[in-house]
Amino acid sequence: MATEQSKILVIGGTGYIGKFIVEGSAKSGHQTFALVRESSLSDPVKGKIVQNFKDLGVTILYGDLSDKESLVKAIQHVDVVISTVGLSQLMNQINIISAIKESGKHIKRFLPSEFGNDVDRTVAIGPAKSEFAMKAEIRRVVEAEGVPYTYVINNCFNGYFLATLAQCETRLTSPPRDRVTIYGDGNAKAILNKEEDIAAYTMRAVDDPRTLNKTVYINPPKNIVSQNDVVAVWESKIGETLEKTYVSEEELLKKIPQSPHPLDLLLALNHAIFVKGDQTWFTIEPSFGVEASQLYPDVKYTSVDEYLNQFV
């Protein structure tokens, strides 16, 4: 190998994308550390996740975002810090940035909790706009403090969006076989990626000088699709035509503020992604970004078509 792999700390590893990032780090050969709360061990779900980490050779460190001392101690073990914390803890990442500065260790890279749309290039409204604004604020703090960074933009998680055909109003675990709601005209292009692939691309980026102080977009060509495209692929697999209900942008804009949380956020995300084309309206310029599937053509990603096969 040309360079030694960085030691990686993941904060928020028991969360949705966090567990994939921790596993991806360990499986790619990085010495991996996960900062978890001690209370996670007594949680039946998180306890199993932590045990899986241990089985993969991950070093478990105990601490909390509100405990600066535990953050500083954890950071001293590593070269790269990855945050995958959830919405409620986004602003607490300021403590991570502060701990990186205080740790006395030269951190090669900080990846704040992004893993969604590009928050500096968004047309989102309502609660989605509010969430994105917090992520953008964290970016500004990272940059102001001079912390080396990489922002990973993976767009949509397949488990949330593709597995349900973007049916955010029902908690489906597989695509519907009878009827489907289409947002807008269904033609806006989105980008849908499998969680393991997101982790694989992220791991390739952490030590790559081409991604330093850049935004990494995970935009593999076969996964740039509209909601109509996705529904058509699914219909062809099951040999059925779904009953389609179209929700206009005007209807959706009325519905978002009238909906309880978290439905309002899900609807606002669908408006941004599947009506306004929030993930695909802009061009990635070399001045600020790079595209992962071009940088790492050897990574075998899962296409939308391939992903849906598991539900047939």
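In this report, we go over the structure that sits alongside the text. (Residues numbered from 1 in each chain as written. Predicted model: local features only at pLDDT ≥ 70, side-chain atom pairs only at ≥ 80, totals over all residues. Heavy atoms only, no water.)

Some words on the sheet that holds strand S6 (residues 150–153)
Strands in a sheet are paired, the pairing made by backbone hydrogen bonds, and the direction either parallel or antiparallel.
Next up, step 1: If you walk across this open sheet you meet the three strands as S6-S10-S13, and the pairing is parallel. Each edge of the open sheet carries a strand with a single partner, namely S6 and strand S13 (289–291). Ignoring strand direction, the axes of neighbouring strands in this sheet form an average angle of 25°.
Next up, step 2: With three bridges connecting them, strand S10 (residues 214–217) and S13 associate as parallel partners. (Pairing = 2+ DSSP bridges. Helix = DSSP H or I, 4+ residues; strand = E, 2+ residues; numbered from the N terminus. Axes fitted to C-alpha atoms, helices over the stretch in contact; angles between N-to-C directions.)

Focus: the pattern of salt bridges
Next up, step 1: One pass over the full model with this rule turns up 19 salt bridges.
Next up, step 2: When the shortest N-O distance is used, the salt bridge between Lys73 and Glu69 registers 3.5 Å. One end of the pair, Lys73, and the other, Glu69, are both in helix H3 (residues 68–75), four residues apart, so they sit about a helical turn from each other. The two residues Lys73 and Glu69 agree in class, both being exposed.
Next up, step 3: Of the charged contacts in the structure, one is a salt bridge between Glu131 and Lys135, with a shortest N-O distance of 3.7 Å. (Salt bridge = Lys/Arg side-chain N within 4 Å of Asp/Glu carboxyl O. Buried < 20%, exposed > 50% of the residue type's maximum accessible area, 1.4 Å probe, protein only.)

Section: the environment of Val152
Next up, step 1: Within the secondary structure layout, Val152 lies in strand S6.
Next up, step 2: As a C-alpha pair, Val152 and Thr215 span 63 residues in sequence and 6.0 Å in three-dimensional space.

What about the packing of aromatic side chains?
Next up, step 1: In this structure the tally under the stated criterion is ten aromatic pairs.
Next up, step 2: A centroid spacing of 5.3 Å and a plane angle of 75° characterise the contact between Trp281 and Phe282, whose relative ring orientation is edge-to-face.
Next up, step 3: By relative accessible area, which is 15% here, Phe282 ends up buried.
Next up, step 4: Aromatic rings pair up to connect Tyr16, Phe20, Phe157 and Tyr160 into one cluster.
Next up, step 5: Over the ring of Phe288 we find Arg121; its NZ or CZ atom is 3.5 Å from the centre of that ring. (Phe/Tyr/Trp six-rings, centres within 6.5 Å; stacked < 30°, edge-to-face > 60°. Lys NZ or Arg CZ within 6 Å of the ring centre and 35° of its normal.)

Quick word on the side chain of His30
Next up, step 1: Relative to the elements of secondary structure, His30 occurs in the loop between helix H1 (16–27) and strand S2 (32–36).
Next up, step 2: Relative accessible area serves as the criterion here: at 6%, His30 is assigned to the buried category.
Next up, step 3: A polar contact is formed between the side chain of His30 and the backbone oxygen of Ser6, at a distance of 2.8 Å.
Next up, step 4: Not counting the four nearest positions on each side in its chain, His30 is found in contact with Gln5, Ser6, Ile8, Ser25, Met203, Val206 and Asp207. (Polar contact = N/O pair within 3.5 Å; in protein donor to acceptor, adjacent residues only side chain to side chain. Contact = heavy atoms within 4.5 Å.)

What about the side chain of Asn155?
Next up, step 1: Within the fold, Asn155 resides in the loop between S6 and strand S7 (156–157).
Next up, step 2: A relative accessible area of 6% means that Asn155 is categorised as buried.
Next up, step 3: Polar contacts involving the side chain of Asn155 include one to the main-chain carbonyl oxygen of Ile218, which spans 3.4 Å.
Next up, step 4: When residues no more than four places from it in sequence are discounted, the contact partners of Asn155 are Phe115, Gly116, Asn117, Ile191, Ile218, Asn219 and Gln279.

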